[in-house]
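Architecture at a glance
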Amino acid sequence: MEGSKTLAKKPGDAETKRLNFEVSTGLKRVLGRELITDDEVAIFEMVKNSFDAGADTVNLYFEEDSVVVADNGSGMSFDDLKEKWLFVAYSSKRDDNARKDFRDLAAERGTYAGSKGIGRFSSDRLGQSLVLQTRPKRTRAVHKLTVDWRRFERNDKEHFEKVPVAYEETSSFELPSQLAKFGSELAHGTVIEVGRLRRRWDRQRLLDLKASLAKLINPFGAEADRFSIYITAPAEAAGDKQVRAAAAKAREEPIPGRIVNGRVENFIFSTLRSKTTYIVVSIDGDKINTTLTDRGEVIYKIREPNTSYPLLKNSGFRCEIYYLNQSAKATFARRIGVQSVKFGSVFLFRNGFRVYPVGDDGDDWFGFDRRKQQGFRRFLGTREIIGRVDVVGSGDDFQEASSRNQGLIETPAVRQLRKAIMSNCLRRLERYVVPVSWVDKADANAEDLSRLLTDPGRARVSAAVASLVDSDDVELLAYSKRLVGLINERSSEFEASLVSLRSIADKTGDKALLAQLDKAEKRFEDLRKSEAEARAEADRQREAAEAADQRAQAAEAATEEARSEAATERQRAHFLESVVSLDTATILNLHHQVTIYAVDIAQQIENLLTATAGQKTVPRETMLKAVEQMAFLNRKVLAVTKFAAKAKFKLDSEKIDSDLAGFITEYIEEIARMSGSARLKVEVTNSHPGLKLRFNPIDASIIVDNLISNARRAKASKIKFELSLDKSGLLLRVSDNGRGIAPKADKKRIFEMGYTTTHGSGLGLYHVRQVLGEMGGSIELQDSADGKGASFLVKVVGGRKSK
């Protein structure tokens, strides 16, 4: 064989020859069309080369029979072309990486997206010819190579290196007229034109490519890397114009995913950050840092030692995963133009570029879906999350498969990578989402924190944070003071929340919070003791009165009239049936309930006087909280007095099992409408078939009364309550024709305690939200149909029993 050579032999040895490999022209096909099996991947490879050359701008130009990739990178000299680009499978990038530490690689884009030396053959996948123009820095000449890939396909027995490649030197770049401006500014860089395309790029393929490129580039590092990709396709300009015109007609922003021409932007995560819950985990040497944010509010920041992932210490590991509730999924589809499940799940980025097919629809490289099959109600799967994982490193630790679509080759570092994502990212996110969001069905459709700003919601958040920090290794750096803090003492979650808050205060060494907890606990115990004494006294008084009444009834039992009257009383079953006069039992029930509330108010006053004793000035927040408690109890007293002449039930039972929709309707018709002013007309319609719940009728009446009171203060002449069936329970729309919400009012704050733009107390809507929170319901402000008045939407989830 040619190139063989006889080696020196020892006595008795057989004759030995040295043989050499020879390379066939068929290697082009193997490294080109057969290795790069997808047109998009071929484009990616050329874009990666631009990134690796230090370019900050890449232009992709598409014509009928050609594709141009032009960048402003470092370019190549004649020696670079000869010794590197034309040297098959040689990669200077690998040599560069071998001389650098991981930390050096992570800084100032010192990494390379590719390092195998075969990406140049990706153009063979796209077309039959290639023209390369390149100019290095500080030179005038443009080096031009022309490659006809068909020449390598004539005879596989022909030697690869024997096929000629045309070279010439020119004075300037030759670019399409649409890229003339870019070309005039191109002092150095590379332009590759692939001709005789094997497949035409129509509009849908270009849109798919743009969407894929949006996932290819680093949405966090794009600005830091100063790397931009632009698509220019003259044939699609008319189609883009139609999309923009249709959006303008509908008074909407055009969906970027439906526009071909322009910059490729990855705004996916920035769109979601204010809409849902997400977690960010990074490994910095010996420390793991974690931040969890819910709809713009930082819930917690923690730091813990990195004892499990030594191979990720200097890898630049960063993981960002978003939980997609129904609201976030709707936002995603509206902004991106495709359903989130079809877009993909958690993508993996190595050195700033995507590793395929990790994260694609149907791919489960991380094992999320396999795990979810073990518990659909406990675990998150790929349909519910989206995100990205970034690592920086050489091929030794994070090596991409040569086919470019099989992920990373399994190594010890890759195994630690998978474990870190599962344990420190996904599970941490689940430990918040499952107990905080999933237990409240209405929260799935909420774009803001309104559902969590109720006492039950804040109690769930506090419990989740307390559970997280229940480890000596976890350092709590920060937490949301807005969601993690003392809740109202009347909440059914109050005692449980004290335990959570005490755990957090101990962990952070927050002496002020510990002092607040001690005071709150004492107030709660005093209030509970006073209420118990009031109930006992009220019970004794009622028992005495009932005994006297029974003696009187026994004396009159002989008369037919008394028997007839008693039978009539027993037959009354309607919940809000009117009575002409108050019977003894109703008076006793009224007295019993008012006594309890009056004692509660007295205790609140005593608590306030004790807390402010000796102070010359009292903080507004302290007064506001105390007055809010008294105002709420006072509203209960008012509600009791309204019920007294109508309600034929034991008020001291507090909770009833009944149809909430029917109760609200009857309360409006029989009590609220009658007790209101003649100036305000109250209307109600109910198409709901019935929602059986256990609830407090006094609390339900407070919802109606406060909304009517708001309308009256807004000078409304009409307020309408519309009850209807919602897929999750009860839907109550409340609208009036008053002055509406003040123009300068912060609509996001109208349900906060003490916030008001009128002469009111700022407690009415706060009380409504708190009461609904205990019921498992929600309230939100809506735009009124005719632009006048105020409009609210109340939702109560079916099948939930208020505590």
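Our structure is the block above this text.
Residues numbered from 1 in each chain as written. Predicted model: local features only at pLDDT ≥ 70, side-chain atom pairs only at ≥ 80, totals over all residues. Heavy atoms only, no water.

Considerations on the packing of aromatic side chains
What counts here: Any Phe, Tyr or Trp ring, taking Trp's six-membered ring, that has another such ring centre within 6.5 Å forms a pair; planes under 30 degrees apart are called stacked, those over 60 apart edge-to-face, and the others tilted. Going along the chain from the N terminus, every DSSP run of H or I of four or more residues is numbered as a helix, and every run of E of two or more is numbered as a strand. A simple rule labels every residue: compare its accessible area, found with a 1.4 Å probe on the protein chains alone, to the largest value its type can have, and call it buried under 20%, exposed over 50%, or partly exposed in between.
Under the defined criterion, the tally for this structure stands at 14 aromatic pairs. Here Y278 and Y322 contribute two aromatic rings whose centre-to-centre distance is 4.7 Å and whose plane-to-plane angle is 25°, an arrangement assigned as stacked. Here Y278, found in strand β11 (residues 277–284), pairs with Y322, found in strand β14 (residues 318–323); they are 44 residues apart in sequence, far enough to count as distant. When sorted by exposure, Y278 lands in the same class as Y322, which is buried. Taken together, a centroid distance of 5.7 Å and an interplanar angle of 80° make the contact between F343 and F347 edge-to-face. Judged by relative accessible area, F347 falls into the buried class, the value being 2%.

Comments concerning a nonpolar patch on the surface
Note the threshold: Residues enter patches when they are more than 30% accessible in relative terms and free of salt bridges; like-charged ones are connected within 9 Å and nonpolar ones (Val, Leu, Ile, Met, Phe, Trp, Tyr) within 5 Å. Methods summary: accessible areas were calculated by the Shrake-Rupley approach with a probe of 1.4 Å, and residue burial reflects only the protein chains presented. Definition used for salt bridges: Asp or Glu carboxyl oxygen within 4 Å of a side-chain nitrogen of Lys or Arg.
A surface patch of nonpolar side chains, about 190 Å² in accessible area, is lined by V618, M623 and V627. Relative to the helices and strands, V618 resides in the loop between α20 (584–611) and α21 (620–644).

Describing the sheet that holds strand β5 (residues 127–135)
Keep this limit in mind: We call two strands paired when DSSP finds no fewer than two bridges between them. Every axis corresponds to a line fitted to the C-alpha atoms, with the helix fit spanning only the stretch in contact, and the corresponding angles, defined between N-to-C directions, vary from 0 to 180 degrees. Note on definitions: a residue-residue contact is assigned when non-hydrogen atoms from the two residues lie within 4.5 Å.
With respect to topology, eight strands assemble into an open sheet ordered β7-β6-β5-β8-β4-β3-β9-β10, the strand pairing being mixed. Two strands bound the open sheet, and with one partner strand each, they are β7 (166–170) and β10 (262–264). The average undirected angle you get between the axes of adjacent strands in this sheet is 20°. Across five bridges, the pairing between strand β3 (residues 57–62) and strand β4 (residues 66–71) is antiparallel. Across the sheet, residue L60 finds its bridge partner in β4, namely V69. Of the strands in this sheet, β3, β4, β8 (189–197) and β9 (228–232) are in contact with helix α2 (residues 39–52), which crosses β4 at around 20°.

A look at the sheet that holds strand β20 (residues 681–686)
Here we have five strands laid out as an open sheet, ordered β20-β22-β23-β25-β24, and mixed in their pairing. Strand pairing shows two members of the sheet lacking a second neighbour, β20 and β24 (777–782), which therefore form its edges. Pairs of neighbouring strands in the sheet enclose a mean axial angle of 15°, with direction left out of account. Note: strand β23 (residues 729–736) against strand β25 (residues 791–797), seven bridges, orientation antiparallel. Residue pairing in the sheet places L731 in a bridge with K795 of β25. Where helix α23 (residues 697–713) meets the sheet, its contacts fall on β20, β22 (718–726), β23, β24 and β25, and the angle it forms with β22 comes to roughly 140°. Along the sheet face, helix α24 (residues 764–775) touches β24 and β25 and points at about 140° away from the line of β24.

Describing the packing of helix α16 (residues 455–468) against helix α17 (residues 494–508)
Counted only if it meets this: Relative orientations are named as follows: roughly parallel for angles under 35 degrees, roughly antiparallel for angles over 145 degrees, roughly perpendicular for angles from 65 to 115 degrees, and oblique for any other angle. Two helices cross in a left-handed way if the nearer one is turned anticlockwise from the farther one by less than a right angle. They cross in a right-handed way if the turn is clockwise.
Relative orientation of the contacting elements α16 and α17 amounts to 40°, with a least axis distance of 8 Å. Between α16 and α17, the crossing angle belongs to the class labelled oblique. Considering the relative orientation of α16 and α17, their crossing is left-handed. Between α16, through A459, S462, A463, V465 and A466, and α17, the contact on the second element is made entirely by S497, S500, L501, S503 and I504.

On their own, these measurements won't tell you what the molecule is for.
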